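Structural description and commentary
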Amino acid sequence: TGPQISMKAYEIYKTALALTFTGESNAQDFKTYFLSFLNLCLAEALPFENSIRESRGEETLPYAPTLIDSEAFNEEVPYDETIARIALPYGVASYYFQDDMDDYRYQEHRGRFVSALQDAAKFIEVDVEDVYS
């Protein structure tokens, strides 16, 4: 395995903004609710993150991190780059579209979030004992 590149919450925020075609200067509501939406996505992504960690032989996370204050924008999100860079921005963006009652865009971005999580997941081979032989 190579070095892991971590992303800060702010980078996920900027990418999610780009997915909604919203400029940062016009995004006060987006910024207000960003951490709440990101925390929801982090919780949903936890099993996928842990599958990646297990495949590397790393310790899994017992619970999803929670980012709670304005300083959290500068915190690194301790998830694999494939989840942080691709899945999380789509997940956050989907919540904004849901709030805007744009069901089509909500469903599209939600689907991309789920698909990106599934693509990132690592499946662990488990030795199964044949009890019938």
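Anyway, here's the lowdown on the structure attached to this text. Computed from a predicted model, the values in this text were never measured in an experiment. The residue numbering used here restarts from 1 in each chain and proceeds along that chain's sequence as written. Totals for whole chains, interfaces and linings use every residue, but because this is a predicted model, local features are given only for residues with pLDDT of at least 70 and side-chain atom pairs only at 80 or more, for both listing and counting. To get the side-chain values, take all heavy atoms of the structure and skip hydrogens and water.

Some details on helix 3 (residues 81–99)
Selection criterion: Secondary structure counts use DSSP, requiring at least four H or I residues in a row for a helix and at least two E residues in a row for a strand, with both numbered from the N terminus. Given the number of residues in a helix, its expected span is that number minus one, multiplied by 1.5 Å. Bending is quantified residue by residue as the angle between axes fitted to the seven-residue window ending at that residue and the seven-residue window starting at it.
With 19 residues, helix 3 extends 27 Å between its outermost C-alpha atoms, agreeing within 8% with the 27 Å of an ideal straight helix rising 1.5 Å per residue. By the largest-angle criterion, Ala-87 marks the main kink of helix 3, which is about 35 degrees, and a proline, Pro-89, follows within four residues. Positioned one or two residues after helix 3, Met-101 has a phi angle of 60 degrees, which is positive.

Points about the packing of aromatic side chains
Worth spelling out the cut-off: In summary, the pairing rule links any two rings of Phe, Tyr or Trp, Trp by its six-membered ring, whose centres are within 6.5 Å, and it sorts them by plane angle into stacked for under 30 degrees, edge-to-face for over 60 and tilted for everything else. Throughout, exposure labels follow a simple rule: accessible area from a 1.4 Å probe, protein chains only, divided by the maximum for the residue type, with under 20% read as buried, over 50% as exposed, and the rest as partly exposed. Two limits define a charge over a ring: the Lys NZ or Arg CZ must be within 6 Å of the ring centre, and within 35 degrees of the ring normal.
Applying the stated rule across the entire model yields nine aromatic pairs. Plain terms: the ring middles of Tyr-13 and Phe-30 are 5.7 Å apart, the flat faces sit at 65 degrees to each other, and that makes the pair edge-to-face. Taken as a pair, Tyr-13 in helix 1 (residues 9–19) and Phe-30 in helix 2 (residues 28–55) lie far apart in primary sequence, 17 residues in all. Neither residue differs from the other here; Tyr-13 and Phe-30 are each classed as buried. Aromatic ring contacts, followed pair by pair, group Tyr-10, Tyr-13, Phe-30, Tyr-33, Phe-34, Phe-37, Phe-73, Tyr-95 and Tyr-96 into a single cluster. Note that Lys-31 overlies the ring of Phe-73, its terminal NZ or CZ placed 5.5 Å from the centroid.

Here's the deal with the pattern of salt bridges
The condition that has to hold: Definition used for salt bridges: Asp or Glu carboxyl oxygen within 4 Å of a side-chain nitrogen of Lys or Arg.
By the definition in use, this model includes six salt bridges. Between Glu-49 and Arg-53 there is a salt bridge; the shortest N-O distance is 2.7 Å. Residue Glu-49 and its partner Arg-53 are located together in helix 2, separated by four residues, close to a single helical turn. Note on accessibility: Glu-49 and Arg-53 belong to one class, buried. Linking Arg-85 and Glu-81 is a salt bridge whose minimum nitrogen-to-oxygen distance equals 2.8 Å. Taken together, the residues Arg-85 and Glu-81, both in helix 3 and four residues apart, mark about one turn of the helix. For Arg-85, a relative accessible area of 37% puts it in the partly exposed group. Via salt bridges that share partners, Arg-56, Glu-58 and Asp-80 belong to a single interconnected network.

Here's the deal with the side chain of Ser-51
Our working definition: Residues adjacent in sequence count toward polar contacts only when both atoms are side-chain atoms; beyond that, a polar contact is any pair of N or O atoms within 3.5 Å, and within protein one must be able to donate a hydrogen and the other to accept it.
Inspection of the secondary structure puts Ser-51 in helix 2. Residue class for Ser-51 comes out buried when judged on its relative accessible area of 11%. At 2.7 Å, the side chain of Ser-51 and the backbone oxygen of Phe-48 are in polar contact.

Quick notes on the nonpolar core
Operational definition: The definition of a nonpolar core used throughout is a set of buried Ala, Val, Leu, Ile, Met, Phe, Trp, Tyr and Cys residues joined through side-chain atoms within 4.5 Å. Here a residue-residue contact requires only that any non-hydrogen atoms of the pair lie within 4.5 Å.
Core analysis: the biggest nonpolar cluster contains 40 residues, and Phe-30, Phe-34, Leu-38, Tyr-79, Ile-83, Leu-88 and Val-92 have the highest contact counts within it. Going through the elements one at a time, helix 1, helix 2, helix 3 and helix 4 (103–120) are the ones with two or more residues in this core. Phe-30 has contacts with Tyr-13, Ala-16, Leu-17, Thr-20, Val-92 and Tyr-96, leaving out every residue within four places of it along the chain.

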